[in-house]
Amino acid sequence: DVKVTQSSRYLVKRTGEKVFLECVQDMDHENMFWYRQDPGLGLRLIYFSYDVKMKEKGDIPEGYSVSREKKERFSLILESASTNQTSMYLCASSYPRGTSGSPSTDTQYFGPGTRLTVL
Amino acid sequence: AQSVTQLDSQVPVFEEAPVELRCNYSSSVSVYLFWYVQYPNQGLQLLLKYLSGSTLVKGINGFEAEFNKSQTSFHLRKPSVHISDTAEYFCAAFTGNQFYFGTGTSLTVIP
């Protein structure tokens, strides 16, 4: 059965803290994604990765960075958390790889989400 | 710019009534379309997808959607809703090299 897990369901951090959100998939997927979900704005892509050590910026990468050292794990990093980064963060993965290194057109499988509050 | 529009942010409907959730996309190139459902406190789950072929796509839980290229629409329908269909529904498009999600429609089924 397909599974994408995220390290925490709920997280509370203080402004200025460095925050790590971890995502692990057990499907041997090549593509992984980080989104944030906000009321009235839907899902917005932060970063995606189509291979180990590869990363591409999405629509809203500012204030975030990512790390993909292993195929199954994709980490989202908030270098210095701010209150406007309070949000629901969703990780997703997909397979197979699209052409020219672009993300696959196939189904994205989502994790349960991490609700981050920055005080 | 590519975009996905879900005009209805909230749709209340009585149990066993039909429902249509609207989705329009803007794209001048080939597009692949998806509907996802998000139950409370859960991640997104794929309902159905259109990649090519028949424009009427059937998904899980009795949902279906029709791709209409001339109207650039991909509306989701169900002939008879159940209480358990209460959830947030997202339309998404893959075009170019990126996924684009709509802002979501909250479906509330009233007993």
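Everything below is about the structure shown above.
Residues numbered from 1 in each chain as written. Chains lettered and ligands numbered in written order. Predicted model: local features only at pLDDT ≥ 70, side-chain atom pairs only at ≥ 80, totals over all residues. Heavy atoms only, no water.

## Structural notes on the overall build of chain B
In terms of helices and strands, chain B carries zero helices and twelve strands. Element order for chain B, N to C, with α for helix and β for strand: β-β-β-β-β-β-β-β-β-β-β-β. Against the globule reference of 13 Å for 111 residues, chain B gives a C-alpha radius of gyration of 13 Å, in line with a compact fold. In terms of principal-axis extent, the alpha carbons of chain B reach across some 40 × 30 × 20 Å. Classification of the 111 residues of chain B by burial places 43% in the buried group. Carbon and sulfur atoms provide 50% of the accessible area of chain B, an area that totals close to 5,300 Å². If the 6 positive side-chain charges of chain B are averaged to one point and the 8 negative ones to another, these points end up 10 Å apart. (Helix = DSSP H or I, 4+ residues; strand = E, 2+ residues; numbered from the N terminus. Rg over C-alpha atoms; globule rule 2.2 N^0.38 Å. Buried < 20%, exposed > 50% of the residue type's maximum accessible area, 1.4 Å probe, protein only. Areas by Shrake-Rupley, 256 points an atom, 1.4 Å probe, with all protein chains shown as cover. Lys, Arg positive; Asp, Glu negative; His and termini not counted. Charge placed at Lys NZ, Arg CZ, Asp CG, Glu CD.)

## Here we look at empty space enclosed by the protein
Counted under the stated rule, the structure contains one cavity of 30 Å³ or more. Roughly 30 Å³ of internal volume is contained in the largest cavity. Across the lining of the largest cavity, the residue classes tally to three nonpolar, two polar and two charged. (1 Å grid on protein atoms, 1.4 Å probe; cavity = no way out; pocket = protein on both sides within 12 Å on 5 of 7 lines; lining within 4 Å. Points joined across faces, edges and corners; volume = space filled by probe spheres on them. Nonpolar A, V, L, I, M, F, W, Y, C, P; charged D, E, K, R; others polar.)

## Things to note about the layout of surface pockets
When its volume is computed, the largest pocket comes out at roughly 410 Å³. In this structure, the largest pocket is lined by 21 residues; those nearest its centre are A:Q37, A:R115, B:Q38, B:E88 and B:F90. Mapped onto the lining of the largest pocket, the elements with two or more residues apiece are β4 (31-38) and β9 (87-94) of chain A together with β10 (87-95) of chain B. Top element by residues in the lining of the largest pocket is β10(B). It accounts for three residues. When the residues that make up the lining of the largest pocket are grouped by side-chain class, the tally is six nonpolar, twelve polar and three charged. In this structure, the second largest pocket occupies an estimated 210 Å³ of space. In terms of lining residues, the second largest pocket is bounded by A:V4, A:Q108, A:Y109, A:F110, A:G111, A:P112, B:Q42, B:G43, B:L44, B:Q45, B:L46 and B:I60. Every element with two or more residues in the lining of the second largest pocket is listed here: β10 (109-110) of chain A together with β6 (44-50) of chain B. A per-element tally of the lining of the second largest pocket places β6(B) first, with three residues. Tallied by class, the residues present in the lining of the second largest pocket amount to seven nonpolar, five polar and no charged.

## Description of the sheet that holds strand β1 (residues 4-6) of chain A
All names here are of chain A. In space, the four strands of this open sheet follow the order β1-β3-β8-β7, with antiparallel pairing throughout. Every other strand in the sheet has two partners, leaving β1 and β7 (64-70) as the edge strands with one partner each. Direction aside, the axes of adjacent strands within the sheet are offset by 20° on average. Pairing geometry for β7 and strand β8 (residues 73-78), over five bridges, is antiparallel. (Pairing = 2+ DSSP bridges. Axes fitted to C-alpha atoms, helices over the stretch in contact; angles between N-to-C directions.)

## Quick look at the interface of chain A and chain B
On the side of chain B, 19 residues touch chain A, which itself brings 22 residues to the contact. Together, the buried faces of chain A and chain B total about 1,700 Å²; carbon and sulfur atoms form 56% of this surface. Put simply, chain A and chain B have zero salt bridges between them. Remark: the boundary between chain A and chain B carries three residue pairs in polar contact (both at pLDDT 80 or more). (Contact = heavy atoms within 4.5 Å. Buried area = accessible area lost by both parts, 1.4 Å probe. Salt bridge = Lys/Arg side-chain N within 4 Å of Asp/Glu carboxyl O. Polar contact = N/O pair within 3.5 Å; in protein donor to acceptor, adjacent residues only side chain to side chain.)

## Observations regarding the state of the cysteines
One pass over the structure, following the stated rule, counts two disulfides over all chains. Two residues, A:C23 and A:C91, share a disulfide whose sulfurs are 1.8 Å apart. Handedness here is read from the sign of the S-S torsion; for A:C23 and A:C91, about -75°, the answer is left-handed. Taken together, the residues span a long stretch of sequence, with A:C23 in strand β3 (residues 19-25) and A:C91 in strand β9 at a distance of 68 residues. A relative accessible area of 0% means that A:C91 is categorised as buried. A disulfide bridge connects B:C23 with B:C91, and the sulfur atoms are separated by 1.9 Å. Here the S-S torsion is close to -65°, and the disulfide linking B:C23 with B:C91 is therefore left-handed. You can see B:C23 sitting in the loop between β3 (19-21) and β4 (24-26) and its partner B:C91 sitting in strand β10, a full 68 residues away along the chain. Of the two residues, B:C23 and B:C91, neither departs from the other in class, the shared state being buried. (Disulfide = S-S within 2.5 Å.)

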